[in-house]
Amino acid sequence: MHDLVIRGGAVVLPDGVQSLDIAVDDGRIVALEPGLADGRETVDAAGLHVLPGMIDPHVHLNEPGRTEWEGFATGSLAFASGGGTTLIDMPLNSTPPTVDAAAFAAKRAAGERSSRVDFALWGGLVPGNLDRLDELAAAGAIGFKAFLSNSGMADFSAADDVTLYDGMIRAAALGLPVAVHAEHDGLTAELARRAIAAGRTGVRDYLGSRPVVAELEAIDRVITFAQATGCALHIVHVSTGAGIARVAAAKARGVDVTAETCPHYLVLTDDNVAELGAVAKCAPPIRDRTTQAELWTRLLAGEVDWVASDHSPSPPELKTSADFFAVWGGISSIGQTLSLMLTEGVARRDLPLEKLTDLLAGAAARRFWLPRKGHLAPGFDADLALVDLSAESTLTVDDLRHRHRQSPYLGRKLRGRVVRTILGGRTIWSGGNPVGEPFGRFIAGPAAG
């Protein structure tokens, strides 16, 4: 008798959707076939689709040091509520930032205490910590994150060109990727300075200070560095179709580069930001409808590697300034990625479910050496999301499970409801509530000692 059998679901596989039962033993899938006998636990999935649990490689949980912004307990709960099972946390926002082995160990311990999902950690690449990259790799970092523009955090400085170049050389030797926030800092800083000096501090003024060309120049530059150093490169939160086109062209030349985009670039436009205000501020900023349409075209053509939330929360008081340049730039949405993509991608643009699962799980698992994650197949971890695709609802504050319940999507009609989330064969979310105590595991990168 198997530990768990999930019966009668529409299982989303890389080659399509099939009506299968899933058997699980010792936390891993052991069989996918119709007509399996009952297990010690049997879950009726009739009428539901069974998807791989989501993997989000771009999350800011801010613990330790800024748990009042967001911590593993609340952030991982929100993620599980949306069908998520594995996240990768970014190195800034916590105190101290994760730029050496001691800070890495503190963040790992925080996650092991209270995460409801499995997690990995990025290390930081900042001026002055080149000699710390080896110890971060040995501690289990999945890769190194660098900013080309102001991160907003005084203790996580932007990487100058020499820091980035030297860091990429070292990362290549360690066999780990470098992830980059790609915006031209000199251009955006000067445009912001001019606007503020002229007293132009509204929403449209901020959006105008971070033009598309600032993203494109930075993408071109980091691709050049990656090609010269042989470093695996990942470009985070690309906001434009033109940026994705640059990445696709580099791949065609043999550069080892991937790129993600985020739900807010696919769902919101600059007009929404003007209407919603601070809750929709981010960097790079949300673009106009034409730019958004170009991004969707690239995604539907298969040129976007994955979609990540870039969940970047803050206390409400950091979102209240009348000066839009002074407002904290970050969007809270860790629990809504799947429903947003089901609504805007699957329902509205006929994105195939098998492509959706690759965008939300499979591609990131391949890139970040998560060999038993991201697919439904024998030998893989039994990380699953059981989803009612026919359900429709309007997002309310009560649906938000992250720490500060603010979201640019409140009041929006969404498709799909996560009925149950399963991590390693154990239910962690069901019936609109968390199940059991947290037991998320740390996942070390391939260079860990």
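The shown structure was predicted, so the numbers you read here are calculated from the model rather than taken from an experiment.

Colleague: Account for the layout of surface pockets, naming residues and giving values.
Modeller: Looking at the largest pocket, its volume works out to about 600 Å³. Lining the largest pocket are 31 residues, with Asn 150, Ser 151, Gly 152, Arg 210 and Ala 283 sitting closest to its centre. Secondary structure elements with two or more residues in the lining of the largest pocket: β10 (144–147) and α5 (185–197). With four residues, the single largest contributor to the lining of the largest pocket is α5. For the lining of the largest pocket, the class distribution of residues is 12 nonpolar, 14 polar and five charged. Of the volumes computed, that of the second largest pocket is approximately 440 Å³. Lining the second largest pocket we find 22 residues, and of these Ser 81, Asp 399, Arg 417, Val 418 and Trp 429 sit closest to its centre.

Colleague: So what about the sheet that holds strand β7 (residues 84–89)? Which residues, and what values?
Modeller: The three strands are arranged β6-β7-β8 in an open sheet whose pairing can be described as parallel. One side of each edge strand has no neighbouring strand; the edge strands of this open sheet are β6 (54–59) and β8 (118–121). Across the sheet, the mean angle separating the axes of adjacent strands is 20 degrees when strand polarity is ignored. As paired elements, β6 and β7 share four bridges and run parallel to each other. Bridge assignment links Met 54 to a residue of β7, and that residue is Gly 84.

Colleague: For the packing of aromatic side chains, give the residues involved together with the corresponding values.
Modeller: All told, the structure shown has 10 aromatic pairs when counted by the stated rule. Pairing Phe 104 with Phe 442 gives two aromatic rings, centres 6.0 Å apart and planes at 80 degrees, and the pair type is edge-to-face. Taken together, the residues Phe 104 in helix α2 (residues 101–114) and Phe 442 in the segment after β18 (433–434) connect sequence positions 338 residues apart. Comparing Phe 104 with Phe 442, the two get one shared label, buried. With a centroid separation of 5.7 Å and an interplanar angle of 55 degrees, the aromatic rings of Phe 119 and Phe 442 are classed as tilted. Taken together, the positions of Phe 119 in strand β8 and Phe 442 in the segment after β18 put the pair 323 residues apart, joining distant regions of the chain. Take Phe 119: its relative accessible area is 0%, and that puts it in the buried class. It is Lys 281 that lies over the ring of Tyr 206; its NZ or CZ is 4.5 Å from the centre. Sitting above the plane of the Phe 324 ring, Lys 281 keeps its charged end 5.6 Å from the centroid.

Basis of the calculations
Residues numbered from 1 in each chain as written. Predicted model: local features only at pLDDT ≥ 70, side-chain atom pairs only at ≥ 80, totals over all residues. Heavy atoms only, no water. 1 Å grid on protein atoms, 1.4 Å probe; cavity = no way out; pocket = protein on both sides within 12 Å on 5 of 7 lines; lining within 4 Å. Points joined across faces, edges and corners; volume = space filled by probe spheres on them. Helix = DSSP H or I, 4+ residues; strand = E, 2+ residues; numbered from the N terminus. Nonpolar A, V, L, I, M, F, W, Y, C, P; charged D, E, K, R; others polar. Pairing = 2+ DSSP bridges. Axes fitted to C-alpha atoms, helices over the stretch in contact; angles between N-to-C directions. Phe/Tyr/Trp six-rings, centres within 6.5 Å; stacked < 30°, edge-to-face > 60°. Buried < 20%, exposed > 50% of the residue type's maximum accessible area, 1.4 Å probe, protein only. Lys NZ or Arg CZ within 6 Å of the ring centre and 35° of its normal.

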